Structures are given as C-alpha cells and as structure tokens.
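Coordinate analysis (summary)
One-letter residues, chain by chain:
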Amino acid sequence: MNQKSQETGNQRVIWITGGKGGVGKSTFSRGLLDVLLDAGVNVAAFDGDPTNAQLFRYYQNVGEGVQQIDLNQQGEADILLNQMEEGKADIFLVDVAAGGSQTLLDLEGDIGLISEAMDMGYRFTVVSVMSRIKDSVNLLKASLEMTDDFDVQHVAVKNLYFGACDRFRLFDDSKTKGRLLEAGGMVLEMPDLFDDTYELLDQNNLPFRAMLADKSFPRAQRSRINKWLKDFESEISKAAEETTDQTGGVLGL
C-alpha cells in the first residue's frame, strides 16, 4: 500500500446495496465512481451483481475499468481481498446485488473479508439505496443488525426518483433511522434524473461525464446531466464534511 495511504488512513471499502426492482443502487454506484475518478481518487471498482451488471456496462472502459465478480461463487471474493493486500487502490467500490449485507456477512464467515480488510488498514462503509417502501426500511434494519459486531459505517441514500425527500415517511418515522444516526451513520439524497435523459445514457452505455462532454447530444440533455452531477457531488461532499476522523470521508472523499 502506498505511503500516503498509510499516513492518511484513507483506505476504504464501499459496499453498495439496496432492494430489488430498480431501487437505484447501480445508479448511485455509477455516480459515486464518476465523482471519485473526477476527483483523482485511486479507486478500484467491482461489479458484484451478475444479473444486472450496470456498473461494468457503463464504466468498463473508464479509468482502470470495472471488474466483474460473482460474490455468490466461493473464491470470487478472493480477487477483491488479494488486490487489497497488493495495495492496488485506496478505495474499493463494490456494487452488489440486493441483500448485499448478508453477502458481506457470508464472506466474513468464508474468508474474514471485513476482519482481514481492517487488519490491512481499510475501513468499511455499507451504502443502502432506498425507495419509499417498507421493504427498504427493513433491508436497512437487517444491514445494521448483521454488521453490528463490526466497525462498519452506514449510509442510507434516499433515491428522489421515488419522490421528494419529505415523502420518505416510513423511513423518517422509523426506529431504524434513529438507530442509524445513533450509530454514527448518515442519510444522503440522490437527485432525480429526467427519464428521457436517463434512457439516453442507457441506450448508449454512457458514463455521466462522457455524455456531458459529447456535443453531439442535445444541449438540454447535457445541461440536465451537468445539474445532476453537481447536485449528486454536493450530497457526496456531505459525507466528507461530516466525517470527524482521518479516514478521508465515509465515501472516499
């Protein structure tokens, strides 16, 4: 691991999960990877969702690319752990399928993923992307409970595609939110993106900044991407501002 990483303690694993059915976890993963790369962060990205490998599809040719791993197959997570020991990156971003907290716990039982990573100086952040339904609250609750025995930080992300921030009432009124905040976790918002713009990205397999820089696309669409990125980055920056230790922020900034 490089000397700068050892001195600043910026090494981190960011484990991104959420519910089934398009909750927006891969959109968040794509946005976060985009922000980290633009900020010059030394990041290694993994797509651990074999049924919906969006992160790989969009970002396989950006920066150092994205590696695909099937975390349900024993031995696949070895790649991640071995690269951490090699010091390939300071931030390891892993986009996992629904139920990713259980996967993380299973991997702890198999290869001691959390314990071994922390022994090497890495911190863990589990990001739970949420819609407004009760299942999202229940999944976050399970995530908090399953990682209770480990020094894992949690971030809940309200996906505003499903409605305004104040409409996430089931979450806001829940004991789960209180438990998250008491444990030092935080709540962020992911801005909504106009359907037509989102579909244009999807049709062309485009990373966010690639479309922003391509003047062959209509100005209005590029303007929406620009606004979305600024709003998204503003939310991500809160994770760094609210971090009081020397770990470079719970999302790697």
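Anyway, here's the lowdown on the structure attached to this text. (Residues numbered from 1 in each chain as written. Predicted model: local features only at pLDDT ≥ 70, side-chain atom pairs only at ≥ 80, totals over all residues. Heavy atoms only, no water.)

**Topic: the overall build of the protein**
Broken down by element type, the protein carries twelve helices and seven strands. Relative to the 2.2 N^0.38 estimate, which gives 18 Å for 253 residues, the radius of gyration of the protein is 17 Å and therefore close to what a compact globule would have. Expressed as a percentage of the 253 residues in the protein, the buried residues total 49%. Sequence-distant contacts in the protein: of pairs separated by 6 or more residues, those separated by 24 or more amount to 73%. When the accessible area of the protein is evaluated, it comes to approximately 11700 Å², of which 44% is carbon and sulfur surface. With 25 positive and 40 negative side-chain charges, the protein shows a spacing of 9 Å between the two charge centroids. (Helix = DSSP H or I, 4+ residues; strand = E, 2+ residues; numbered from the N terminus. Rg over C-alpha atoms; globule rule 2.2 N^0.38 Å. Buried < 20%, exposed > 50% of the residue type's maximum accessible area, 1.4 Å probe, protein only. Contact = heavy atoms within 4.5 Å. Areas by Shrake-Rupley, 256 points an atom, 1.4 Å probe, with all protein chains shown as cover. Lys, Arg positive; Asp, Glu negative; His and termini not counted. Charge placed at Lys NZ, Arg CZ, Asp CG, Glu CD.)

**Remarks on the layout of surface pockets**
Of the volumes computed, that of the largest pocket is approximately 480 Å³. As for the largest pocket, its lining consists of 24 residues, and the residues nearest its centre are Gly22, Val23, Gly24, Thr27 and Tyr198. Broken down by secondary-structure element, the contributors of at least two residues to the lining of the largest pocket are α2 (25-38) and α10 (195-204). Here the lining of the largest pocket gets three residues from one element, more than from any other, and that element is α2. Per-class residue counts for the lining of the largest pocket are nine nonpolar, ten polar and five charged. (1 Å grid on protein atoms, 1.4 Å probe; cavity = no way out; pocket = protein on both sides within 12 Å on 5 of 7 lines; lining within 4 Å. Points joined across faces, edges and corners; volume = space filled by probe spheres on them. Nonpolar A, V, L, I, M, F, W, Y, C, P; charged D, E, K, R; others polar.)

**Topic: the nonpolar core**
Ranked by size, the top nonpolar core spans 38 residues in total, and within it Phe28, Leu32, Val127 and Leu251 carry the most contacts. Broken down by element, this core gets its largest block of residues, six residues, from helix α12 (residues 219-241). Setting aside anything within four residues of it in sequence, one finds Leu251 in contact with Arg12, Ile14, Phe28, Leu32, Leu36, Thr125, Val127, Leu188, Ile236 and Ala239. If you look at the next biggest cluster of nonpolar residues, it comprises 23 residues, including Trp15, Met84, Val96 and Val152. (Core = buried A, V, L, I, M, F, W, Y, C linked by side-chain atoms within 4.5 Å.)

**Things to note about the pattern of salt bridges**
All told, the structure shown has 13 salt bridges when counted by the stated rule. Asp49 is the partner of Lys25 in a salt bridge, and the nearest nitrogen-oxygen pair spans 2.9 Å. Placement of Lys25 in helix α2 and of Asp49 in the loop between β2 (43-48) and α3 (54-59) is noted, with a sequence separation of 24 residues between them. Look at Lys25 and you get buried, because its relative accessible area is 6%. By relative accessible area, which is 6% here, Asp49 ends up buried. Sharing partners across several salt bridges, the network here consists of Asp34, Asp38, Arg209 and Glu233. (Salt bridge = Lys/Arg side-chain N within 4 Å of Asp/Glu carboxyl O.)

**What to know about the sheet that holds strand β6 (residues 152-159)**
Read across the open sheet, the seven strands follow the order β3-β2-β4-β1-β5-β6-β7; overall the sheet is parallel. A strand with exactly one partner marks an edge of an open sheet, and here the two such strands are β3 (66-68) and β7 (186-190). Each strand of the sheet is rotated relative to its neighbour by a mean of 25°, with strand direction disregarded. In the sheet, β2 pairs with β3 via three bridges, with the strands oriented parallel. (Pairing = 2+ DSSP bridges. Axes fitted to C-alpha atoms, helices over the stretch in contact; angles between N-to-C directions.)

**Let's talk about empty space enclosed by the protein**
A full pass over the atoms with the stated rule returns one cavity of 30 Å³ or more. Of the voids in this model, the largest cavity is the one considered here, and its volume is about 40 Å³. For the lining of the largest cavity, the elements supplying multiple residues, two or more each, are α2 and β2. The dominant element in the lining of the largest cavity, judged by the number of residues it contributes, is β2, at three residues. Counted by class, the lining of the largest cavity contains six nonpolar, two polar and one charged residues.

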